Amino acid sequence: MSQDRGTLYLVATPIGNLEDVTRRALRVLAEADVVACEDTRRTRTLLEHFGIRARTVSYHEHNERERATELAQLIEEGRTVALVSDAGTPGVNDPGYRVVRACVERNLRVVPVPGPTAFVAALTASGLPTDEFYFGGFLPAKSHARRERLAAVRQLRATLVFYETPHRLAHALADALEVLGEREAVVARELTKMHEEIMRGRLSELAERFRPEGAARGELVLVIDREEIDEGVAEGTRAASSVADLVTRFEAEGLDQRAALKRAARELGLTRDEAYRRLTSERSRSKV
Ligand code: SAM
């Protein structure tokens with residue numbers, strides 16, 4: 001990469017609360033030769049708020065293809081371009097991919113300036129597992145396609161995260177309940193803004209809550225647990241099984257005795273010591 005070529009910066013901006021802008025984002029925006037924005041008016045308001053004067057050009061879904069080439073050309077000539085979207089991280093369900101691609105193909109420098117993004121904020125505050133997740137952007141608007149998309153991720157052992165619009169939320173929740181079964185879920189709305197709300201419940205409860213017309217408002221993220229709530233089995237196990245029965249069953253499934261006992265204790269809501277005491281007593285009784 002030659003030194004006299006420029007750089008494309010991908011600059012994340014707030015998803016509501018202006019305090020979330022980073023110092024680095026402000027510096028990069030102030031120093032850029034060109035700020036490429038999804039909506040120039042909206043970005044100018046943000047820049048003015050921070051006292052930044054910049055040359056802005058539009059880069060949105062309708063001119064992305066041509067603009068990507070033009071911007072890459074500018075960078076090749078040595079200019080610095082900062083790309084922003086209306087909110088959050090450019091490229092995350094917002095234009096960005098094409099100009100990044102154009103730069104990568106020309107071997108130009110691409111530098112992320114990370115910051116807010118709505119799905120990460122929702123996922124991390126959801127209380128659902130964050131070790132593995134699937135981010136699906138917006139679910140399709142039509143029910144048939146939406147159900148197909150949900151069916152395609154039903155078996156994933158990952159927390160599911162989607163963007164949703166207020167008028168489709170109730171339908172999405174109802175379809176999710178039908179396709180994925182009853183699961184824990186979270187609707188996060190208006191994150192970082194004055195009316196921020198993080199609503200937790202089962203899919204059926206949230207579907208009911210948002211069923212009335214107009215019940216969902218603002219910007220929304222839907223987060224869904226990776227597995228169904230299996231009450232039937234859990235309750236049945238608690239009521240009917242002895243520790244010995246469960247350990248025998250889990251050993252037959254391939255666990256060694258220690259792991260089988262641990263799992264039986266967990267399913268019965270016992271400490272491991274208590275489960276071991278019961279196991280010994282049940283086995284000695286059965287020998288009599
Ligand atoms: N680039 C953005 C990002 O990094 O999150 C996403 C842009 S996408 C076009 C807009 C969608 O993101 C909204 O419809 C909503 O689902 C979600 N979103 C954006 N801001 C949000 C907020 N403050 N609270 C909840 N969801 C938000």
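So, here's what we can say about the structure. (Residues numbered from 1 in each chain as written. Predicted model: local features only at pLDDT ≥ 70, side-chain atom pairs only at ≥ 80, totals over all residues. Heavy atoms only, no water.)

### Section: the overall build of the protein
Okay, so step 1: For the protein, the helix and strand inventory stands at twelve helices and ten strands.
Okay, so step 2: Here the C-alpha atoms of the protein give a radius of gyration of 26 Å, more than 25% beyond the 19 Å that 2.2 N^0.38 yields for 288 residues.
Okay, so step 3: Seen along its three principal axes, the alpha-carbon backbone of the protein occupies a region of about 90 × 50 × 35 Å.
Okay, so step 4: Here the protein holds 288 residues, and 42% of them are scored as buried.
Okay, so step 5: Sequence separation of at least 24 residues holds for 70% of the intrachain contacts in the protein that already meet a minimum separation of 6.
Okay, so step 6: If you average the places of the 44 positive and of the 46 negative side-chain charges in the protein, the two averages end up 2 Å apart. (Helix = DSSP H or I, 4+ residues; strand = E, 2+ residues; numbered from the N terminus. Rg over C-alpha atoms; globule rule 2.2 N^0.38 Å. Buried < 20%, exposed > 50% of the residue type's maximum accessible area, 1.4 Å probe, protein only. Contact = heavy atoms within 4.5 Å. Lys, Arg positive; Asp, Glu negative; His and termini not counted. Charge placed at Lys NZ, Arg CZ, Asp CG, Glu CD.)

### Points about the state of the cysteines
Okay, so step 1: Here the structure, examined in full by the defined rule, presents zero disulfides.
Okay, so step 2: Free cysteine: Cys37, not disulfide-bonded; nearest cysteine sulfur from Cys103 at 16 Å.
Okay, so step 3: Residue Cys37 is classed as buried on the basis of its relative accessible area, which comes to 0%. (Disulfide = S-S within 2.5 Å.)

### Some thoughts on a positive patch on the surface
Okay, so step 1: Taken together, the side chains of Arg258, Lys262, Arg266 and Arg272 make up a positively charged region of the molecular surface.
Okay, so step 2: Counting residues per element, the positive patch draws most heavily on helix H11 (residues 257-268), which supplies three residues. (Patch = residues over 30% accessible without salt bridge, like charges linked within 9 Å, V, L, I, M, F, W, Y side chains within 5 Å. Areas by Shrake-Rupley, 256 points an atom, 1.4 Å probe, with all protein chains shown as cover. Salt bridge = Lys/Arg side-chain N within 4 Å of Asp/Glu carboxyl O.)

### Quick notes on the packing of helix H6 (residues 143-153) against helix H7 (residues 166-180)
Each pair of packed helices gets described by two things: the angle between the helix axes and the distance between those axes.
Okay, so step 1: At a closest axis distance of 9 Å, the pairing of H6 and H7 adopts a crossing angle of 45°. Taken together, the axis directions place H6 and H7 in an arrangement best described as oblique. Classified by chirality, the crossing of H7 by H6 is right-handed. Contact residues: Ser143, Arg146, Arg147, Leu150 and Ala151 in H6; Arg168, His171, Ala172, Asp175, Ala176, Glu178, Val179 and Leu180 in H7.
Okay, so step 2: Class assignment of the residues belonging to the contact of H6 with H7 gives a composition of six nonpolar, two polar and five charged. (Axes fitted to C-alpha atoms, helices over the stretch in contact; angles between N-to-C directions. Parallel < 35°, antiparallel > 145°, perpendicular 65-115°, else oblique. Left-handed = near helix turned anticlockwise from the far one by under 90°. Nonpolar A, V, L, I, M, F, W, Y, C, P; charged D, E, K, R; others polar.)

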